[in-house]
Amino acid sequence: MSQAKENGVLTSQVDLEISNQNLPAEKKGTHDDQRDMLRMGKVQELRRNFRFLSIFGFSMILMASWETMLGTSIIGLINGGTAGLIWMYLVAWIGFLAVNTSMAEMASMAPTSGGQYHWVSEFAPRKYQRFLSFIVGWLCVLGWQTGAANTAFLAGTQIQGLAILNYPGYVPERWHGTLLTFAVASFSVIFNTFLVKKLPLVEGIVLIVHIFGFFAVLITLWVLGPRGSAHDVFTQFNNFGGWSSDGLSALVGILAVMIPLLGADGAVHMSEELRDASRVLPQSMIATTVFNGLMGWVILITFCFVLGNLDDVIDSPTGQPYIAVFFSATESYAGASVLSAFVIFMAIFCNLSITATASRQLWSFARDQGVPVSWWFAYVRPGWDVPMNSIVVSWVVSCLLSLINIGSTIALNNITSLSLVAILSSYIVSTALVFWRRLYRLPLLPAKFTFSRSIGLFLNGFSISFLVFAFVFAFFPGNPAPTVQQMNWASLIYGAVVIFAIADYYLRARHVYDGPVEYVRRLD
C-alpha cells in the first residue's frame, strides 16, 4: 500500500487520498470529516462554517420549543385542556429523548446531509435498500418542505394577531396572512442565499434571544398573571372536540405538543457544513432535546396557570391564545406586544433554520438522483457554495401552500399534521432497521457515539413504539364527526405522495437511483 509522510507520521493510502484533495480551508473540516465523506463517496461542496455552539443554536432555534408551544397551544386546549397539554407534553418529551438519541447514534455513524434516506440505504437488506431509501427520501422532502411552509404561515398569522391586538379597527383578511407568510418565507430565502456565511454567527446570537425571551416571558407571567388552582391545572381535562372520553381527546390533542418537540434531526441535514460532525452532531441533538424540552414544559405549565377563562382565550379575536394571555397578565398593549414580539421573532428565525434544512435535504436527495431533473436541484453555484436552486424551490413551495389559507384556514392547518407524519415515517423506518440489525447481530457502522447491544435494543424498541403511536394519532381530525371542511386531509395527501413516489421509482428512478450505499467504499 502506498504511504506518505504527514506530520512525521506514516499515513495509509486513505490518508494520502485525503491529503491530495486540496480542499479550501473553509471546506476542509477535520480529518474525520474528510474520512467520512471519502467513505460515503461524497464530494465536499459546502463550507464547514458550523461549530458546536452555532449548530446547537441552529437546532435550538429550529425547534424553538417554548415559542412553538405557545403557538400550537390552541389545538391542545380544545382537545385535552391544561391537564392534557401538560401530561401529553411530558410523554412526548420522554419519547423524543429516546428517538433523538437513536437518531444521534445514526448521525455519528454517517454524518451526511441526506440523513434518514442515506441511513436506510446503508442499514436495509441489500434487496430492498434502493426502494426503501428512495421512499424515505421522498417522505423527508415532503416533511421538511411542508414544515417550512407551516412555520412561515405560523409566523405570518402571529404577526397578524399582534396587529389585531394593537389596532382594534383592523379587519383581518385571510389573504393578509398569506402575504405575511410570503414575507417571512422571502426573508428566509434571502438570508439563506446572500447572508449564508453569517448564518452560524446569527444562530448563536438568536440563541441568546431564545434564552433571554424565555426568562422574560416566564418571570412576567408569574409576577403579573392571575394564578389558577394547581389542582385544576394538573387534573382538569377538556373535551371540546366531543370525543368518547377525556383520555381519547387528550391523545388527539398530542399534535399540539409533538410539533414543538420535532426537528432535532434538522442539524443532521447541515452536517456537511459542520466541523467534526460525527462527534458534534450527537452532542447537539441530545442537548437540544433536553434543554428545549425543559424550557417548553416550564413555559407550558406557566401558561396553563395564568390562562384565566379558557373560553375567552380560545375565542380571542387575535387567533393566538398566548397573545390574549400576555395582554391579560400585563394589562398593557405595549407589554403584551413586547412579549409577543419575542415569540414572533423566534418563529421567523425558526422558519429560516427550517428553510436551510429543507433545501439541504432536497439538494442531497437530488445529488443521489432521487428527484426528477436532479442535476438542476443538485447544482451548487461556484463561489456561493449553497444549493441555490433547492432554496428557491423551498420558497416557492411555502408560497404556493400558503395560498390555501385564502380558501380555508383549517385546510392549511392540515399541513402541520402532514409535516409531522412524513418526518415521523422517516424516523420509524431508519430506527427499525437499526433495531433489526441489532436484533440479528448484524454489523453496524463504527461511531464515536454508540450503545451496547442491550441498551441499543431497548432504546430503539421504545422509540419505534412511541413513533408508531404518535404517527397514528397525528392523522386524527379535531372531532369524531368532522365536516368536509373540518376533516384532517393529511392522510389523503400523505397517501398521494407515497403513491407518486412509488410510481416515480418504477417509471424513472429504478433506472438512475442506486441509493447512497452504492457510492460507499470500505476504508481499512
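Note that the structure is a prediction, hence the values are computed from the model and not measured.

**Q** What should I look at first to understand the overall build of the protein chain in this one?
**A** Looking only at helices and strands, one finds 23 helices and 2 strands in the protein chain. For a compact globule of 524 residues, the expected C-alpha radius of gyration is about 24 Å, and the protein chain comes in at 23 Å, within 12% of that figure. Overall size of the protein chain, expressed as C-alpha extent along the three principal axes, is 75 × 45 × 40 Å. Counting all 524 residues of the protein chain, 60% fall into the buried class. Per element, the accessible surface of the protein chain, about 20,200 Å² overall, is 67% carbon and sulfur. Side chains of the protein chain give 30 positive and 29 negative charges; the mean places of these two sets differ by 10 Å.

**Q** What am I meant to see in the side chain of Asn479 here?
**A** With respect to the element layout, Asn479 can be found in the loop between helix 22 (453-473) and helix 23 (490-512). In this structure the side chain of Asn479 is engaged in a polar contact, spanning 3.0 Å, whose partner is the backbone nitrogen of Ala481. Discounting residues that sit within four places of it in the chain, Asn479 has contacts with Gly241, Trp243 and Gln486.

**Q** What's the story with the packing of helix 8 (residues 129-166) against helix 16 (residues 321-330) in this structure? I'm lost.
**A** Helix packing geometry: the angle between the two helix axes and the distance between the axes. Between helix 8 and helix 16, the shortest axis-to-axis distance is 10 Å and the interhelical angle comes to 35°. In this structure, the crossing between helix 8 and helix 16 has a hand that is right-handed. Two secondary-structure elements touch here, helix 8 through Gln158, Gly161, Leu162 and Leu165 and helix 16 through Tyr322, Ile323 and Phe327. Residue composition of the contact of helix 8 with helix 16, grouped by class: 5 nonpolar, 2 polar and no charged.

**Q** What is the right way to look at the nonpolar core in this model?
**A** Generally speaking, soluble globular proteins have nonpolar side chains that are buried together. Ranked by internal contacts, the top residues of the largest apolar core, which has 146 residues, are Trp66, Phe96, Met258, Phe326, Leu424 and Tyr427. In terms of residues, this core owes the most to one element, helix 17 (residues 333-367), which gives 18 residues. Apart from residues no more than four positions distant in its own chain, Leu424 is found in contact with Phe96, Met258, Leu262, Leu467, Ala470 and Phe471.

**Q** Explain a nonpolar patch on the surface here, please?
**A** Taken together, Trp175, Leu179, Trp395, Val396, Leu400, Leu403 and Ile406 make up a surface patch of nonpolar side chains, about 640 Å² in accessible area. Within the residue set of the nonpolar patch, elements represented by two or more residues are helix 9 (174-194) and helix 19 (388-402). Looking at the nonpolar patch, the element that brings in the most residues is helix 19, giving 3 residues. Mapping Trp175 onto the fold places it in helix 9.

**Q** How do you make sense of the state of the cysteines when you look at a structure like this?
**A** What is meant by a disulfide is a covalent connection between two cysteines, made through their sulfur atoms. Within this structure, the stated rule accounts for 0 disulfides. Cys399 provides the cysteine sulfur closest to Cys350, a residue in no disulfide bond, and the two sulfurs are 17 Å apart. Overall, Cys350 belongs to the buried group, its relative accessible area being 5%.

**Q** I keep staring at the side chain of Asn488 and nothing clicks. Help me out?
**A** Of note, Asn488 is situated in the loop between helix 22 and helix 23. Polar contacts involving the side chain of Asn488 include one to the main-chain carbonyl oxygen of Ala474, which spans 3.3 Å. From its side chain, Asn488 meets the backbone nitrogen of Ala490 in a polar contact 3.0 Å long. Ignoring any residue separated from it by four or fewer positions in sequence, one finds Asn488 in contact with Asn414, Ser417, Ala474, Phe475, Phe476 and Pro477.

**Q** Whenever I open this one, the pattern of salt bridges confuses me. Can you help?
**A** Between side chains of opposite charge, a pair can form as their charged atoms come close. Under the definition given, this model contains 7 salt bridges. A salt bridge links Glu272 to Arg367; its shortest N-O distance comes to 2.9 Å. Taken together, the residues span a long stretch of sequence, with Glu272 in the loop between helix 13 (255-258) and helix 14 (277-305) and Arg367 in helix 17 at a distance of 95 residues. You'll find Glu272 and Arg367 in the same group, each marked buried. Close ionic contact of Glu273 with Arg360 constitutes a salt bridge, the shortest N to O distance being 2.9 Å. Of this pair, Glu273 sits in the loop between helix 13 and helix 14 while Arg360 sits in helix 17, placing them 87 residues apart in sequence.

**Q** So what exactly am I meant to see when it comes to the packing of aromatic side chains here?
**A** The description of two aromatic rings rests on the distance between their centres and on the angle between their planes. One pass over the structure, following the stated rule, counts 36 aromatic pairs. Ring centres of Phe187 and Phe191 lie 6.0 Å apart, and the angle between their planes is 55°; on these two criteria the pair is classed as tilted. Taken together, the residues Phe187 and Phe191, both in helix 9 and 4 residues apart, mark about one turn of the helix. Their ring planes at 90° and their centres at 5.1 Å tell us that Tyr505 and Tyr506 sit as a pair that is edge-to-face. With a relative accessible area of 7%, Tyr505 lands in the buried category. For Tyr506, a relative accessible area of 45% translates into the label partly exposed. Taken together, the aromatic side chains of Tyr117, Phe131, Phe134, Trp138, Phe365, Phe500, Tyr505, Tyr506 and Tyr513 make up a single cluster linked through ring pairs. Above the face of the Trp363 ring, Arg367 is positioned so that its terminal group lies 4.4 Å from the ring centre.

**Q** Looking at this structure, how should I read the packing of helix 4 (residues 52-63) against helix 17?
**A** Packing of helix 4 against helix 17 brings their axes to within 7 Å, and their N-to-C directions diverge by 115°. Regarding the angle of helix 4 to helix 17, the classification is roughly perpendicular. In the packing of helix 4 onto helix 17, the handedness of the crossing is left-handed. Between helix 4, through Phe58, Ile61 and Leu62, and helix 17, the contact on the second element is made entirely by Met346, Phe349, Cys350, Ser353, Ile354, Ala356 and Thr357.

**Q** Where do I start with the environment of Thr431 in this structure?
**A** Its place among the elements puts Thr431 in helix 21 (residues 409-439). On the basis of relative accessibility, which here comes to 0%, the residue Thr431 falls in the buried class.

**Q** How should I be thinking about the confidence of the model for the protein chain in this particular structure?
**A** Detailed reading of the predicted coordinates is not advisable wherever pLDDT is low. Summarising the model, the protein chain shows a mean pLDDT of 86, and 92% of its residues fall at 70 or more. Of the regions scoring below 50 in pLDDT, residues 1-11 engages in 15 contacts with residues more than four places distant in sequence or in other chains.

**Q** Would you take a moment to explain helix 6 (residues 81-109) for this structure?
**A** In an α-helix, one full turn covers 3.6 residues, which means residues spaced three or four apart are oriented alike. Taking 1.5 Å of rise per residue, 29 residues should cover 42 Å, and helix 6 covers 41 Å from first to last C-alpha, within 8% of that figure. Taking burial as the measure, the 29 residues of helix 6 include 24 buried ones, the bulk of the element.

Procedures and definitions
- Each chain carries its own residue numbering, running from 1 in the direction its sequence is written.
- A pLDDT threshold of at least 70 governs which residues receive local features in this predicted model, and a stricter bar of 80 or more applies before side-chain atom pairs are shown or counted, although totals over entire chains, interfaces and linings include all residues.
- The side-chain figures draw on all heavy atoms in the structure; neither hydrogens nor water molecules are used.
- Here a helix means four or more residues in a row that DSSP labels H or I, a strand means two or more in a row labelled E, and each is numbered from the N terminus.
- Atoms considered for the radius of gyration are the C-alpha atoms alone. The globule rule reads 2.2 Å times the number of residues to the power 0.38.
- Three exposure classes are used, based on accessible area relative to the maximum for each residue type with a 1.4 Å probe and protein chains only: buried under 20%, partly exposed in between, and exposed over 50%.
- Accessibility throughout is a Shrake-Rupley quantity obtained with a 1.4 Å probe, and a residue counts as covered only by protein chains that appear here.
- Lys and Arg are tallied as positive, Asp and Glu as negative. Neither His nor the chain termini are counted.
- A charged residue contributes its charge at one atom only: NZ of Lys, CZ of Arg, CG of Asp or CD of Glu.
- Polar contacts, as used here, are pairs of N or O atoms within 3.5 Å; protein pairs need one atom able to donate a hydrogen and one able to accept it. Residues neighboring in sequence count only if both atoms are side-chain atoms.
- Between two residues, a contact is recorded if the distance between any of their heavy atoms is within 4.5 Å.
- Angular values range over 0 to 180 degrees, each being the angle between N-to-C directions of two axes fitted as lines to C-alpha atoms, with helices fitted over their stretch in contact.
- Rotating anticlockwise by less than a right angle from the far helix to the near helix defines a left-handed crossing, while the corresponding clockwise rotation defines a right-handed one.
- Classification convention: Asp, Glu, Lys, Arg as charged; Ala, Val, Leu, Ile, Met, Phe, Trp, Tyr, Cys, Pro as nonpolar; all other residues, Gly among them, as polar.
- Residue types Ala, Val, Leu, Ile, Met, Phe, Trp, Tyr and Cys, when buried and joined through side-chain atoms within 4.5 Å, form a set referred to as a nonpolar core.
- Each patch is assembled from residues with relative accessible area greater than 30% and no salt bridge, linking like charges that lie within 9 Å and nonpolar side chains (Val, Leu, Ile, Met, Phe, Trp, Tyr) that lie within 5 Å.
- Note on definitions: salt bridges are taken to be side-chain nitrogens of Lys or Arg within 4 Å of carboxyl oxygens of Asp or Glu.
- Count a disulfide wherever a pair of cysteine sulfur atoms falls within 2.5 Å.
- Side-chain rings of Phe, Tyr and Trp (the six-membered ring for Trp) are treated as a pair once their centres are within 6.5 Å; stacked means planes under 30 degrees apart, edge-to-face means over 60, and tilted covers the remaining angles.
- Over a ring means this: the NZ of a Lys or the CZ of an Arg is within 6 Å of the ring centre and within 35 degrees of the ring normal.
- For classification purposes, angles smaller than 35 degrees are called roughly parallel, those larger than 145 roughly antiparallel, those between 65 and 115 roughly perpendicular, and all remaining angles oblique.
- The score called pLDDT rates the predictor's confidence residue by residue, from a low of 0 to a high of 100.
- An expected span of 1.5 Å times one less than the residue number is assigned to each helix.

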